[in-house]
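Structural description and commentary
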Amino acid sequence: MIIGIGTDLIEIDRVLKACNKESFLKKYYTLKEIELIQTDKKKSADNFAVKEAVAKMFGTGFRGIIPIEIEVLRDELGRPYVNLYGKAKEKSLELDIDKIHVSISNTKLYSIAYVIGEGI
């Protein structure tokens, strides 16, 4: 059963510019995400869009949840997946979300993410 959906569209250059500051990277991305971003800078925008979409899926935005609690990585095939920590994990348990489906697409200028939170 679908518990929530979220989507976000973001300007890639805006995120790339912000990622030039180490303080921004450490505030918004986990160490594993930073490693991923170092191999492909555009993934910073993709991941940020997913974080925003997940917060919208919860129906709360970032009230009570911080972006670093939402980790976006890729499996061996390059498919994105989400790990939740802290208050974000608590919110998913509260809403009975046990699976988050993620889709990311981008153009030269924009990254878009769409997520679906699924539960029993």
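Residues numbered from 1 in each chain as written. Predicted model: local features only at pLDDT ≥ 70, side-chain atom pairs only at ≥ 80, totals over all residues. Heavy atoms only, no water.

**Digging into the UniProt feature "domain: 4'-phosphopantetheinyl transferase" (unreviewed entry) in the protein chain**
This is how it is decided: UniProt positions are given in the numbering used here, feature names are shortened, and annotations may be inferred rather than shown by experiment. For the purposes of this entry, the term helix denotes a DSSP run of H or I that reaches at least four residues, the term strand denotes a run of E that reaches at least two, and both are numbered from the N terminus.
With numbering aligned to this structure, UniProt lists the feature "domain: 4'-phosphopantetheinyl transferase" (unreviewed entry) at residues 4–99. In this annotation, residues 4–99 is assigned 49% helix and 22% strand; the end-to-end C-alpha distance for the span is 11 Å.

**Things to note about helix 4 (residues 43–57)**
What counts here: One less than the number of residues in a helix, times 1.5 Å, gives the span that helix is expected to have. Think of it in three bands: with a 1.4 Å probe and only protein chains considered, a residue is buried below 20% of the maximum accessible area for its type, exposed above 50%, and partly exposed in between.
For helix 4, which comprises 15 residues, the first-to-last C-alpha distance of 20 Å matches the rise-based estimate of 21 Å (1.5 Å per residue) to within 8%. Of all 15 residues in helix 4, 13 are buried, a share of seventy percent or more.

**Remarks on the packing of aromatic side chains**
Rules: Each aromatic pair joins two rings of Phe, Tyr and Trp (for Trp, the six-membered one) with centres within 6.5 Å, and gets the label stacked for planes under 30 degrees apart, edge-to-face for over 60, and tilted for any other angle.
Counted according to the given criterion, the structure contains four aromatic pairs. With a centroid separation of 4.5 Å and an interplanar angle of 35 degrees, the aromatic rings of F24 and Y28 are classed as tilted. With F24 and Y28 both in helix 2 (residues 22–28) and four residues apart, this pair spans about one turn of that helix. There is no split in this pair, since F24 and Y28 are both buried.

**A closer look at the sheet that holds strand 4 (residues 97–106)**
For the record, the criterion: By this definition, two strands are paired if DSSP reports at least two bridges between them. Note on geometry: axes are C-alpha line fits, over the in-contact stretch for helices, and angles between N-to-C directions span 0 to 180 degrees. Contacts are residue-level and defined by heavy atoms, with any inter-residue pair within 4.5 Å sufficient.
The antiparallel open sheet is built from three strands, whose spatial order is 1-5-4. Looking along the sheet, the strands with just one partner apiece sit at the ends: strand 1 (2–11) and strand 4. Taken over all neighbouring pairs, the strand axes of this sheet differ in orientation by 15 degrees on average, direction set aside. Contacts between helix 4 and the sheet are confined to strand 1, strand 4 and strand 5 (110–119), with strand 1 contributing the most and set at about 145 degrees to the helix.

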